[in-house]
Amino acid sequence: MRRSLLLSLILAGSAVTGAEISTGARIEIRITTAIKLATAKVNDPVDAVVIVPVLAANRVVIAAGTNVHGEIKEVTQALKPEDQAIVQIQFDQIVSARGQKATLNARLISVDNARESVDEQGRILGIIAAQTGSGRLDEGIQKVAERYPVLGEILGAAKGAVLKEADASIDYEPGVEMTIELTRPLRWEETAASATPRSITPADQLADIVNRQPMRTVAENPATLSDTTNIMFLGSREQLEYAFQNAGWSSAEKLNAKSKLETFRALAEARGYKEAPVSVLLMDGRPPDLVFQKQNNTFARRHHLRIWRRPGTFNGKEVWVCAATHDIGIDFSQRDRTFIHRVDAEIDRERSKVTSDLLFTGRLQAVALVDRPNAPKSGQNATGDAFQTDGRMAVLEF
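Parameters and conventions
Residues numbered from 1 in each chain as written. Predicted model: local features only at pLDDT ≥ 70, side-chain atom pairs only at ≥ 80, totals over all residues. Heavy atoms only, no water. Helix = DSSP H or I, 4+ residues; strand = E, 2+ residues; numbered from the N terminus. Rg over C-alpha atoms; globule rule 2.2 N^0.38 Å. Buried < 20%, exposed > 50% of the residue type's maximum accessible area, 1.4 Å probe, protein only. Phe/Tyr/Trp six-rings, centres within 6.5 Å; stacked < 30°, edge-to-face > 60°. Core = buried A, V, L, I, M, F, W, Y, C linked by side-chain atoms within 4.5 Å. Contact = heavy atoms within 4.5 Å. Pairing = 2+ DSSP bridges.

Undergrad: Tell me what's going on with the overall build of the chain, and back it up with residues and numbers.
TA: Across its full length, the chain carries seven helices and 28 strands. Relative to a compact globule of 398 residues, whose C-alpha radius of gyration would be 21 Å, the chain shows 23 Å and is just as compact. C-alpha atoms of the chain, sized along the principal axes, occupy 75 × 55 × 35 Å. Within the chain, the fraction of its 398 residues that count as buried is 49%.

In structure tokens form, the structure reads like this:
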């Protein structure tokens, strides 16, 4: 399923005319309207754009760039630490780049990398501040203060100097990504062509350079095989940085005492940390030249990748090799005495995510998916998370 998604993204041509898209089809969107619960009202408009082509039979039926419109249907504020904020968005119209419109019957099913959850009615359910690390500390300090007021005051001041109160409001900036699912079939009359990057040639030389690259990264300490490489970029450093910035990705800070403290604060306050550090992985004994990540509002969940500059060129362009994974949870490592992320085992999904994100920027001129017969199809990374893959490498040319 995931393998065919990337193949379809590469091979898809013009959009199908007069297609019927069945119930259950999923549409990945990026909101272009900010959602601020403190000022949000029922019937406020919410706009979004399709970021991944919707496919059927390896053909595009809804092109990336198609607009989606909706409105807020429910708003509940979290006024006390025990309260839960709620917001419901109903997307009900789809509009093509040429102005073609259709009624949309869809339900929100997920918000990418969000600390919030989505219920069966499509409502976004906020966190409860009293249940966060910061909230539990407040509860403990309050119990101490009931018996020892002075000590409680000291502990409260110390806690306040390090941690803020958790903000339980639901606030999304433009760029937050969501997935909606059709609840009724959609008859869509899109006739515009879907732009498709060309193939990368010569194919035999591309396969040769791909299969000469390292297929696994290595953890720094202890030296253990870790993430699998799954993407190659052809282009300059400036082109990579510009494209990822335009796709909403951020650079990561270096792992040091300052960034570790900020990581702890982000966890305790149940919030995001868009420049959060990543552990050091090596390729041929070298740390990555570039590290990018894409978060929403929680440190526990993020897309992230490491990129190394490789020797030589292809078609006169610099060669970069990448290991991309999706962090889906947080844990504490007794061995390393630090917080570590749990990783989605289906790493081909992240390969597709990065490809579709960069295709949406319009900065890619060619794309390929190259077989690697000797690549591992399954295994574990350095922290013990399992992975599985078809072993291929996506090649993205700027």
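Undergrad: I'd like a description of the packing of aromatic side chains, backed by residues and values.
TA: Here the structure, examined in full by the defined rule, presents four aromatic pairs. Residues F233 and F244 carry aromatic rings whose centres are separated by 5.7 Å and whose planes lie at 85 degrees to one another, so their mutual orientation is edge-to-face. Highlighted residues: F233 in strand β18 (residues 231–234) and F244 in helix α5 (residues 237–246), separated in sequence by eleven residues. The exposure classification of F233 matches that of F244, with both residues buried. Pairing F244 with W249 gives two aromatic rings, centres 5.5 Å apart and planes at 75 degrees, and the pair type is edge-to-face. Assessed through its relative accessible area of 0%, F244 is described here as buried. Pairwise contacts between aromatic rings join F233, F244, W249, F292 and F398 into one cluster.

Undergrad: Which residues make up the nonpolar core, and what values do they have?
TA: Within the largest apolar cluster, 37 residues are counted, with the highest numbers of intra-cluster contacts made by F91, Y172 and M178. If sequence neighbours within four positions are ignored, M178 has contacts with I27, E28, I29, I31, I35, I89, F91, L108, S110, V111, I124 and Y172.

Undergrad: Any details on the pairing of strand β6 (residues 59–62)? Residues and values, ideally.
TA: In this sheet, β6 lies alongside strand β5 (residues 54–56) in antiparallel orientation, the contact comprising three bridges. By the bridge assignment for β6, L55 is matched with V60. Here β5 hands over to β6 after two residues, with A57 in that stretch at a positive phi of 55 degrees.

Undergrad: Outline unusual backbone geometry, listing residues and values.
TA: With omega at -5 degrees, the peptide bond leading from T201 into P202 counts as cis. Inspection of the secondary structure puts P202 in the loop between β15 (186–188) and α4 (203–211). Positive phi, close to 55 degrees, is recorded for D284, a residue that is not glycine. Within the secondary structure, D284 sits in the loop between β20 (281–282) and β21 (290–294). Accessibility expressed as a relative area gives 60% for D284, which makes it exposed.

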